[in-house]
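# Notes for the structure review
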Amino acid sequence: MRKGTSRVGPDLVGHLHYWFSTTLFLIGLYGMLAGPHLVRKLMAMNVMQVGVITFFIAMSAKSGATAPIAIEHGPPLVAEAYINPLPHAMMLTAIVVSVSTTGVALALLIRIHRRYGTLEESELLDRLKE
Amino acid sequence: MTSHLPILIVVIPLVAAIMTPLVARMNVRAAQVLDTGVCLTVFLCATTALLRVLDTGPWHYELGGWAPPWGIEYVIDPLSAGMAMLVSFVATLVSIYADAQRRQLPEGRSGLFDSLFLLLVAGLLGIVVAGDMFNLYVFLEVASLAAYGLLSTGGTRAVVATFRYLLLGTIAASFYLLGVGYLYAMTGTLNMADLTTHVPTIVGTAPFGVAVTFIVLGLAIKMAVFPLHAWQPDAYAYAPAAVTGFMAAVMSKVSAYALFRILYFVLRAEGAAAQIISVMGWVAIAGAVAGSVMALAQTDVRRMLAYSSVSQMGFILFGFSLLNPDALTGALLHIVNHAVMKGCLFLAVGVIVWRTRAVTVNGFSGMSQRLPWTSAVFTLAALSMIGLPPTAGFFSKWYLLRGAVDASAWAFVATLVFSSLLSAVYFFRLIERMYFFTPSDEGVRRARLFEVPIGMLGPVVTLGAAVLLLGLLSHPIVVTVVRAALPEL
Amino acid sequence: MKTAFGSRVLETACRLLVPFMVLFAVYVVIHGHDSPGGGFQGGVILAAAVILLRLVRGEETALGLGPRSALVLSCLGPAVYAGIGLLAMVWGGNFLDYGALPLPIKPAEVRAMGTLGIEVGITMGVTGVIVSIFDVLSRDEEGDQSRGT
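Residue indices follow the written sequence of each chain, beginning from 1 at its first position. The naming scheme follows written order: chains are lettered A onward, ligands numbered 1 onward. Two thresholds apply to this predicted model, a pLDDT of at least 70 for residue-level local features and 80 or more for giving and counting side-chain atom pairs, whereas whole-chain, interface and lining totals are computed over all residues.

Another aspect to go through is the overall build of chain B. Numbering of helices and strands runs from the N terminus; a helix is a DSSP stretch of H or I covering at least four residues, while a strand is a stretch of E covering at least two. Along its length, chain B carries 20 helices and 2 strands. What you see for chain B is a C-alpha radius of gyration of 21 Å, in line with the 23 Å of a compact globule of 489 residues. For chain B, the C-alpha atoms occupy an extent of roughly 70 × 60 × 45 Å along the three principal directions. Counts of 20 or more other C-beta atoms within 10 Å of a residue's own C-beta define buried residues, counts of 12 or fewer define exposed ones, and intermediate counts define partly exposed ones; C-beta atoms are placed from the backbone. Here chain B holds 489 residues, and the buried ones make up 65% of them. Here, residues touch in the contact sense if the C-beta positions derived from the backbone fall within 7 Å of one another. Within chain B, contacts between residues separated by at least 24 positions form 80% of all contacts whose residues are at least 6 apart in sequence. Note on method: radius of gyration uses C-alpha positions; expected globular size equals 2.2 Å times residues raised to 0.38.

Structure, rendered in structure tokens:
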């Protein structure tokens with residue numbers, strides 16, 4: 001619990017990337033829950049996942065540092081000169097997961113569309129009742 | 001090769017999952033045998049691992065020879081070995097049972113069915129042995145993706161239900177990943193053992209509370225805990241019986257395992273974790289009652305069983321929320337018992353649906369004359385769900401009750417009794433119809449010993465026997481395995 | 001894929017483009033460990049070359065990769081990955097411990113070679129999977145309605 005309003009300003013700027021990723025996450029979440037069309041839900045899902053990915057990437061950002069590859073004539077071999085590669089590696093995996101999920105979802109959507117002829121959620125619910 | 005057991009438990013089904021489509025291309029039958037053989041091998045591996053860790057303590061395996069906390073680590077302790085045994089046991093039986101499901105698939109697709117099934121098994125086993133938080137996420141998604149594929153094989157209604165599940169499952173995974181991100185940002189480590197040593201320094205901070213909330217929320221969706229269970233009934237009702245049987249039995253249980261592992265072993269139930277655990281208790285009570293009430297209102301038997309799972313999940317969650325050994329013993333025992341009984345019930349219903357096309361409660365009238373063996377096993381498992389001795393369900397509920405009384409959690413004692421009574425109502429409604437009503441349609445068929453193919457009946461009967469055995473042997477199991485699996489509180 | 005998009009312009013452009021795409025894919029795979037790239041990216045580029053050829057020529061098979069062989073490739077790729085991992089266990093290392101492989105070069109290079117082997121496996125897998133996805137999506141709607149509600 002921090003006190004004093006004077007902190008809000010700099011905190012807000014310093015945490016801008018958290019605001020950004022959280023906003024993306026929430027936009028995605030809202031779209032998934034409230035979207036009227038299944039494809040929009042799917043797109044919202046991707047936005048949400050990008051929110052998580054930007055969170056990790058922003059976390060590992062470091063000014064004045066480079067990718068951790070030791071080469072001749074490169075930066076000195078100290079931790080300060082290099083970026084932590086782990087969040088990037090994790091997010092590569094997360095991106096692969098997200099692409100696979102999207103792929104499976106699209107395959108499902110194609111089958112739904114072939115059977116019911118619509119991806120509009122309200123129409124789909126009507127046809128499911130038949 | 002025994003020194004590599006922790007990795008073999010995951011890699012064997014993973015490699016087999018890749019190889020199955022190729023084998024199936026040459027010979028479909030061989031692929032099915034491979035499928036069952038792999039599950040059985042993993043079961044033997046898990047048993048060996050369990051015996052060893054009971055003897056010598058936790059077993060750490062470093063992938064690629066990189067030492068943790070930098071490298072990826074797989075850990076087997078009595079808890080994870082027990083879960084691996086449970087998963088592979090049910091998987092073996094389901095892979096035999098799935099024969100009828102495979103025949104309904106279009107030509108050339110059955111290899112892919114086997115492949116997805118093994119992928120699901122590999123993912124679940126991976127969750128069980130994973131020693132770091134991110135690996136757990138990856139395996140959670142591997143298992144989920146395979147599950148989406150399997151669930152959607154049940155026709156177009158199943159596809160719609162699967163899509164819903166996919167959206168919710170992805171929300172769950174994103175919440176979990178975000179929670180892990182918070183923990184990583186604070187501690188700089190993902191390794192579970194290493195994270196535990198960092199917990200005391202961050203336990204009082206606000207981000208810690210956020211992280212725990214996100215992780216618990218994510219896993220709770222995967223577990224289908226009461227207010228977050230909406231995906232489950234539809235997904236279970238339309239999917240093929242073998243898939244439903246397997247998923248209902250172990251998939252939500254493995255998520256429960258992950259929750260247990262993280263809350264008690266990684267976060268040590270401290271600070272915000274303890275607060276969330278106490279909130280979990282009330283959610284569990286609501287779920288145990290609401291699940292039973294909703295189960296009572298269903299006419300489709302599979303939906304009824306799905307809602308009954310929601311209520312049983314409440315019991316497990318409540319066992320987690322009472323911080324005493326008896327309740328935790330009860331919860332862990334209930335994970336095993338409920339997996340076996342619910343698997344048995346779903347597979348038995350699958351047999352009935354396959355043979356008679358009856359899915360409603362009314363359609364079950366006179367089933368004991370048409371399918372006597374299946375009905376008998378169904379009844380046994382149903383009695384166990386209600387919690388009558390000497391079946392397995394009684395003992396786990398007994399431990400839960402003792403734990404609740406110890407903790408003076410009278411609200412839960414009342415809930416346990418009330419919810420069990422409700423389950424008695426909806427199960428006896430079915431049992432009464434099966435045994436004392438005359439069949440509603442067509443004449444009574446002559447009851448034969450092999451009423452359905454032995455490949456379907458065998459697994460159902462085996463699970464039924466397991467329900468009895470787990471009950472009769474519950475004391476030795478608790479003393480040797482469950483007590484060893486409990487965290488030090 | 002029955003109808004070809006091909007015209008003379010497309011055919012010529014494609015003939016010029018594809019060799020460079022394949023070359024670039026190989027470059028991306030080989031330099032995956034010290035610059036952006038690797039098996040996933042290289043595999044996608046390779047698959048793009050195959051799909052481009054198919055679209056333009058309207059043939060089932062391009063660069064020797066037909067629908068059936070694509071599926072086989074997508075199975076073999078991960079098998080190479082797992083195979084190298086298991087091979088390390090034969091020589092007494094842990095799973096995926098490339099350092100244990102008995103190659104007559106420096107230990108650090110053995111690790112690099114092991115990684116490269118893994119990347120090749122991933123490339124095969126990704127190429128196969130992407131081409132298979134293309135196959136499935138472009139196939140006529142057969143056998144899908146048969147299993148209704």
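Another aspect to go through is the interface of chain A and chain B. The partner chain B presents 22 residues to the 26 residues of chain A that form the contact. Listing elements by their share of the side of chain A that touches chain B, those giving two or more residues are α2 (16-34), α3 (38-59), α4 (86-116) and α5 (121-129) of chain A. Tallying contributions element by element places α4(A) first for the side of chain A that touches chain B, with 13 residues. Amino acids are sorted into nonpolar (Ala, Val, Leu, Ile, Met, Phe, Trp, Tyr, Cys and Pro), charged (Asp, Glu, Lys and Arg) and polar (every other residue, Gly among them). Considering only residue class, the side of chain A that touches chain B consists of 19 nonpolar, 4 polar and 3 charged.

Attention now goes to the environment of B:G271. Along the chain, the position of B:G271 falls in the loop between α11 (241-266) and α12 (272-296). Sequence spacing of B:G271 and B:T205 is 66 residues, and the spatial spacing of their C-alpha atoms is 9.1 Å.

For any two helices packed against each other, one specifies the crossing angle of their axes together with the interaxial distance. All names here are of chain C. Each axis is a line fitted through C-alpha atoms, taken for helices only over the stretch in contact, and angles between the N-to-C directions span 0 to 180 degrees. Relative to each other, helix α1 (residues 8-30) and helix α2 (residues 39-57) sit at 165°, their axes nearing to 8 Å. Considered as vectors, α1 and α2 are oriented roughly antiparallel to each other. Remark: the crossing between α1 and α2 carries left-handed chirality. Contact residues: α1 offers L10, E11, C14, V18, M21, V22, F24, A25, V28 and V29, while α2 offers G39, Q41, G42, I45, L46, A48, A49, L52, L53 and V56. Taken together, the residues of the contact of α1 with α2 sort by class into 16 nonpolar, 3 polar and 1 charged. Put simply, angles under 35 degrees are roughly parallel, angles over 145 are roughly antiparallel, angles from 65 to 115 are roughly perpendicular, and the rest are oblique. Note: crossing handedness is left-handed where the near helix turns anticlockwise from the far helix by less than a right angle, and right-handed where it turns clockwise.

Moving on, we come to unusual backbone geometry. All names here are of chain B. In this chain, P68 is followed by P69 through a cis amide linkage whose omega measures 5°. Among the secondary structure elements, P69 is positioned in the loop between β1 (59-62) and β2 (73-76). Residue P390 is reached from P389 by a cis peptide bond, and omega for that bond is 5°. By the element assignment, P390 lies in the loop between α16 (372-386) and α17 (392-406). Residues other than glycine seldom take positive phi values, yet A224 does so here, at roughly 60°.

Take the pairing of β2(B) next. Residues in a regular strand point their side chains to alternate faces of the sheet. Residues and elements named next belong to chain B. Neither face of β2 is left uncovered, since the one carrying E73 and V75 and the one carrying Y74 and I76 both have all their residues buried. Pairing geometry for β1 and β2, over 4 bridges, is antiparallel. Note on β2: the bridge partner recorded for H60 is V75. For two strands to pair, DSSP has to find at least two bridges joining them.

All names here are of chain C. A residue-level look at chain C finds 89% of positions with pLDDT of 70 or above and a mean pLDDT of 81. Contacts of residues 142-149 to residues separated by more than four positions or lying in other chains number 10 contacts, the stretch itself having pLDDT below 50. For this predicted complex, the interface confidence score (ipTM) comes to 0.89, while the overall pTM stands at 0.91. pLDDT gives the predictor's per-residue confidence on a scale running from 0 to 100.

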